[in-house]
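# Structural characterization, general
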Amino acid sequence: SGWVIRGAEWGRTGCSESPLRAGAEPRLGCGAPTMSHSDAGGEGASIAPLCASFNQDCTSLAVGTNSGYKLFSLSSVDRLEEIYKCTDTPDVYIVERLFSSSLVVIVSLSTPQRMNVYHFKKGTEICNYSYSNTILTVRLNRQRLIVCLEEAIYIHNIKDLKLLKTIQDIPPNRTGLCALSINHSNSYLAYPGNATIGEIVIYDANNLHSVSVIPAHDGPLAALTFNFAGSKLASASEKGTVIRVFSAPEGQKLYEFRRGMKRYVNIGSLAFSRDSQFLSASSNTETVHIFKLEQPSQSKPQEESPTWSGYMGKMFMAATNYLPTQVSGIINQDRAFATVRLNFSGQRSICMLTMIQKLPRLLVAASDGFLYIYNLDPHDGGECVLINRHRLHSEDDNIDIAKSDLTPSSSLTYAATVAKTSSVPSSSTTPGYSEDGGILHGEIIPEHELAAGPLHLDDETEFPPVSIQNN
């Protein structure tokens, strides 16, 4: 998942290559464009982030800027280690890394119809494709590479980047909204099936056929995400008041959470924890909500002896059966398990739930140029405490934060005290989470984690530069 600052300066123009006819296959080419710093706006050009995205297992963060892109390791809360920095591709508005491998996909505002695939550790280009219109979104797993345009979706094989399928004539998808399961054994793809109502199409990107259509919301969709196994799909509409979770690919509604009733918001991102016990939602407001996906048996109280309050509670729940659907639905919806109060609003942001140093954390990368790290109490929830923030758009990895900015003035909460080394529990004492540190520094993916026909991104025989094909 990721956010992109899209300016009017690129829109449908700015591509130096001639657009293809509608529905035509993308052109495959070789040789990355080379541009000087002066082409990117000179030495005084802004270096604020244009986009940010977490990789599939949240072991690294990719940031695109006016001067190139950066890759950071997410192995520590105290230090944001820069893995790689590129300064020869200006105005990067899409940058996606394949897990912790050396494969990255880049799209620049200077050529918004061209996707460049690089082996960043070697500094070489693998290949590039040109499409019929502006590239809005790129998604990756170990089996497939997905490119989403406004009215078409292209499915590539990740091993040789061959185009396998073009899904044409999709409803207008101006934001490029789509989600790809990172589980390569199913590779489910979700995208809007209607431009005016919240209909979700589930597509099997491995076997290249549509599986199901889910009537998820009354209004247009704004956010989609799969859990790590690809067995659950979360969605939100443009109103942003209700978040629903469905089984994948069947489309059975499993959970319904209410983010709020007072105002409509723009949901910026949805993210499951690795074990699918928690779901986070960020928006253009100052609040990030974290919901707990409990089984019905977990949330039901034990049978108690008859009391007046218990009797009235049962009567109240029974009364909801006679209320209008909209009203009874609101009453039965769960509230947030935990929240984060950001010190800003109106910014684009993405959130991710992950394990860092054996503790559950919520990460928020925002368009203000900072990565915020919060502790999450998996037992009691409540308000999460900011434990660190790192600058993304300068040479300084960290900035100092006064202690009063990190912890409340009152007594320390669980979320604040677990940051201390002496109180770090073992992974076995923090239920509901499993730590997966991943691989750092662009090393190869372990062979057991790869799809059939493993690719080795440190092997010269894999992903050779593809020669130009004449159409």
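### Here's the deal with the sheet that holds strand β22 (residues 253-258)
Ordered by their spatial adjacency, four strands build an open sheet running β19-β20-β21-β22, and the pairing between neighbours is antiparallel. Both outer strands of the open sheet, β19 (221-226) and β22, are each paired with one neighbouring strand and no more. Across the sheet, the axes of successive neighbouring strands diverge by a mean angle of 20°, strand direction being ignored. In this structure, strand β21 (residues 242-247) lies alongside β22, joined through five bridges in antiparallel fashion. Paired with Phe246 across the two strands is Lys253, which belongs to β22.

### As for the nonpolar core
One finds Met115 and Ile135 to be the most contacted residues of the largest nonpolar core, which totals 28 residues. Counting residues per element, the ones that place at least two in this core are β7 (92-97), β8 (103-108), β9 (111-119), β10 (124-130), β11 (137-140), β12 (144-148) and β13 (152-157). Leaving out residues up to four positions away in the same chain, Ile135 has contacts with Tyr93, Ile94, Val107, Pro112, Gln113, Arg114, Met115, Val147, Cys148 and Leu149.

### Some details on the side chain of Ser53
Assignment of secondary structure puts Ser53 in strand β3 (residues 49-54). Here Ser53 falls in the buried class, since its relative accessible area comes to 3%. A polar contact of 2.7 Å, which involves the side chain of Ser53, links it to the backbone oxygen of Val95.

### What about the sheet that holds β13?
Taken in spatial order, the four strands make up an open sheet running β11-β12-β13-β14, and their pairing is antiparallel. Every other strand in the sheet has two partners, leaving β11 and β14 (163-168) as the edge strands with one partner each. The mean inter-strand angle of the sheet, taken between neighbouring strand axes irrespective of direction, is 15°. Two strands pair when backbone bridges link them, and β13 and β14 are joined in this way by five bridges, in the antiparallel orientation. By the bridge assignment for β14, Ala152 is matched with Gln168.

### Remarks on the confidence of the model for the protein
In this model, the protein carries an average pLDDT of 76, and 64% of its residues clear a pLDDT of 70 or more. Below pLDDT 50 for its whole length, residues 30-46 participates in 23 contacts with residues either more than four positions away or in separate chains. Contacts of residues 459-471 to residues separated by more than four positions or lying in other chains number 28 contacts, the stretch itself having pLDDT below 50.

### Focus on the pairing of strand β20 (residues 232-237)
Counting buried positions along β20 yields six of six residues, so the element is predominantly enclosed. Here β20 shows a buried face lined by Lys232, Ala234 and Ala236 and a second buried face lined by Leu233, Ser235 and Ser237. In the sheet, β19 pairs with β20 via five bridges, with the strands oriented antiparallel. Considered in β20, the bridge of Ala223 is made with Ala236. Where β19 folds back on β20, the antiparallel hairpin that results is connected by five residues, among which Gly230 adopts a positive phi of roughly 75°. Between β20 and the antiparallel strand that follows it, β21, lie four residues; Gly240 among them carries a positive phi value of about 75°.

### Some remarks on the pattern of salt bridges
In total, this model carries four salt bridges according to the counting rule given. Taking the shortest distance from any N to any O, the salt bridge between Arg244 and Glu256 comes out at 2.4 Å. Linking Arg244 in strand β21 with Glu256 in strand β22, this pair joins segments that are twelve residues apart in sequence. By the burial criterion, Arg244 is buried, and Glu256 matches it. One network of salt bridges, with partners in common, ties together Arg244, Lys253 and Glu256.

What counts as what
- Residues numbered from 1 in each chain as written.
- Predicted model: local features only at pLDDT ≥ 70, side-chain atom pairs only at ≥ 80, totals over all residues.
- Heavy atoms only, no water.
- Pairing = 2+ DSSP bridges.
- Helix = DSSP H or I, 4+ residues; strand = E, 2+ residues; numbered from the N terminus.
- Axes fitted to C-alpha atoms, helices over the stretch in contact; angles between N-to-C directions.
- Core = buried A, V, L, I, M, F, W, Y, C linked by side-chain atoms within 4.5 Å.
- Buried < 20%, exposed > 50% of the residue type's maximum accessible area, 1.4 Å probe, protein only.
- Contact = heavy atoms within 4.5 Å.
- Polar contact = N/O pair within 3.5 Å; in protein donor to acceptor, adjacent residues only side chain to side chain.
- pLDDT = per-residue confidence, 0-100.
- Salt bridge = Lys/Arg side-chain N within 4 Å of Asp/Glu carboxyl O.

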